[in-house]
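Take a look at the letters that make up each chain.
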Amino acid sequence: MDNVIRRRTPGARMLRTGLYVLLMVMALVYLLPLVVMLLTSLKPLEEIRAGGLLSLPDSLTFSAWLKAWGSACTGTRCEGLSGYFMNSVSIVVPAVAISTLMGALNGYALTKWRFRGANLCFALLLFGCFIPFQVVLMPMAQTLGWLGLASSTSGLVLVHVVYGIAFTTLFFRNYYVSIPDEMISAAKLDGAGFFRVFWRILLPISGPIITVSVIWQFTQIWNDFLFGVAFAGFGSQPVTVALNNLVNTSTGVKEYNVDMAGALIAALPTLVVYVVAGKYFVRGLTAGSVKG
């Protein structure tokens, strides 16, 4: 048996090496558009017109980045993406925090304080994960009008919270199912109520799934365009809407380097989140996969 294993070892090594090479090639192909965008954003316009998408810049310049951030025209305004970037931040931070907290409360109630109709309630919330964005545009616009939140940052926060609760509830519910019920029963015997059990017992051990919820919601909300263009006012548009206006604004000369710099500015937060916390996202998803 040992000889058979030894004879197979070189082949297994070659197979593993070939797999790694294939994965590296696929990763390079996948990253090629990002490389082209980065190189284009660092070149002057004259060099871009000369051709060579993958060529390194002869004269490195950050003028396109500075213009995209502070003075590029996004429709009738020529103030760059900086203001819209901060609009996205003011939308993402409260929407992520509120939807994550409400998802945690829902998941906790559906698993540890079960009530009549809990399964039906969860099924309806789960159904909400499959509702397309376009379906909720009209009813959401009418609701925002009734509440007086149309064309406002608060209205966009509400839209993303409502649409994201289904996903965050699903995450936390599946995570809390794996936590022993005996832990909650012991806390109840000691006199702990609903919120005390949640704040003092469950929430401190929910770090992995909180990370999943935050990354998911942050990515979905930051990259959203449809809700932003449909519900945002002139002064509350997110950076994705401004990027679309920047690319489609015609000033006589098409500045590809500014467009690429603007696209990278808009995508930078999500890139950073996935590079820094991507492994925690996978760990969090699998943390509640086994009960016991």
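Calculation rules
- Residues numbered from 1 in each chain as written.
- Predicted model: local features only at pLDDT ≥ 70, side-chain atom pairs only at ≥ 80, totals over all residues.
- Heavy atoms only, no water.
- Helix = DSSP H or I, 4+ residues; strand = E, 2+ residues; numbered from the N terminus.
- Rg over C-alpha atoms; globule rule 2.2 N^0.38 Å.
- Buried < 20%, exposed > 50% of the residue type's maximum accessible area, 1.4 Å probe, protein only.
- Contact = heavy atoms within 4.5 Å.
- Areas by Shrake-Rupley, 256 points an atom, 1.4 Å probe, with all protein chains shown as cover.
- Lys, Arg positive; Asp, Glu negative; His and termini not counted.
- Charge placed at Lys NZ, Arg CZ, Asp CG, Glu CD.
- 1 Å grid on protein atoms, 1.4 Å probe; cavity = no way out; pocket = protein on both sides within 12 Å on 5 of 7 lines; lining within 4 Å.
- Points joined across faces, edges and corners; volume = space filled by probe spheres on them.
- Nonpolar A, V, L, I, M, F, W, Y, C, P; charged D, E, K, R; others polar.
- Disulfide = S-S within 2.5 Å.
- Phe/Tyr/Trp six-rings, centres within 6.5 Å; stacked < 30°, edge-to-face > 60°.

Draft legend 1. How the structure looks around the overall build of the protein. Of the regular secondary structure elements, the protein holds 13 helices and zero strands. Mapped in sequence order, the helices and strands of the protein form the string α-α-α-α-α-α-α-α-α-α-α-α-α. On C-alpha atoms alone, the protein measures out to a radius of gyration of 25 Å, which is more than a quarter above the 19 Å that the 2.2 N^0.38 rule sets for 292 residues. Expressed as lengths along the three principal axes of its C-alpha atoms, the size of the protein is roughly 75 × 75 × 30 Å. Within the protein, the proportion of its 292 residues that are buried is 38%. If you take every contact in the protein between residues at least 6 apart in sequence, the share linking residues at least 24 apart comes to 72%. For the protein, the exposed surface amounts to about 16,800 Å²; the carbon and sulfur share of it is 69%. Distance between charge centroids for the protein: 14 Å, based on 20 positive and 11 negative side chains.

Draft legend 2. Quick peek at the layout of surface pockets. There is about 160 Å³ of room inside the second largest pocket. In this structure, the second largest pocket is lined by Leu 125, Gly 128, Ile 131, Val 136, Met 140, Val 162, Tyr 163, Ile 165 and Ala 166. Only α5 (118-128) and α7 (153-176) provide two or more residues apiece to the lining of the second largest pocket. When residues of the lining of the second largest pocket are assigned to their parent elements, the largest contribution, four residues, is made by α7. Residue composition of the lining of the second largest pocket, by class: eight nonpolar, one polar and no charged.

Draft legend 3. Geometry of empty space enclosed by the protein. With the rule as written, the count across this model stands at one cavity of 30 Å³ or more. Computed from the structure, the largest cavity encloses a volume of approximately 60 Å³. Around the largest cavity sit Ser 88, Ile 91, Val 92, Leu 156, His 160, Ile 221, Trp 222, Asp 224, Gly 228 and Pro 238, which together line it. Sorting the residues of the lining of the largest cavity by element identifies α4 (82-112), α7 and α10 (207-222) as the ones contributing at least two each. With three residues, the top contributor of residues to the lining of the largest cavity is α4.

Draft legend 4. Quick peek at the state of the cysteines. All told, the structure shown has one disulfide when counted by the stated rule. Each sulfur of the disulfide joining Cys 73 and Cys 78 lies 2.0 Å from the other. Disulfide Cys 73-Cys 78: torsion about the S-S bond near 90°, hence right-handed. Taking relative accessible area as the criterion, Cys 78 reaches 41% and is therefore assigned partly exposed. Looking at Cys 129, it has no disulfide partner, and the nearest cysteine sulfur is the one in Cys 121, 12 Å off.

Draft legend 5. Representation of the packing of aromatic side chains. This model, assessed by the stated rule, comprises 18 aromatic pairs. Pairing Phe 171 with Trp 216 gives two aromatic rings, centres 5.8 Å apart and planes at 80°, and the pair type is edge-to-face. Highlighted residues: Phe 171 in helix α7 and Trp 216 in helix α10, separated in sequence by 45 residues. Accessibility expressed as a relative area gives 24% for Trp 216, which makes it partly exposed. Centre to centre, the rings of Phe 227 and Phe 231 are 5.8 Å apart; their planes meet at 35°, and the pair counts as tilted. Pair noted here: Phe 227 and Phe 231 are both in helix α11 (residues 226-231), with a separation of four residues, about one helical turn. For Phe 227, a relative accessible area of 1% corresponds to the buried category.

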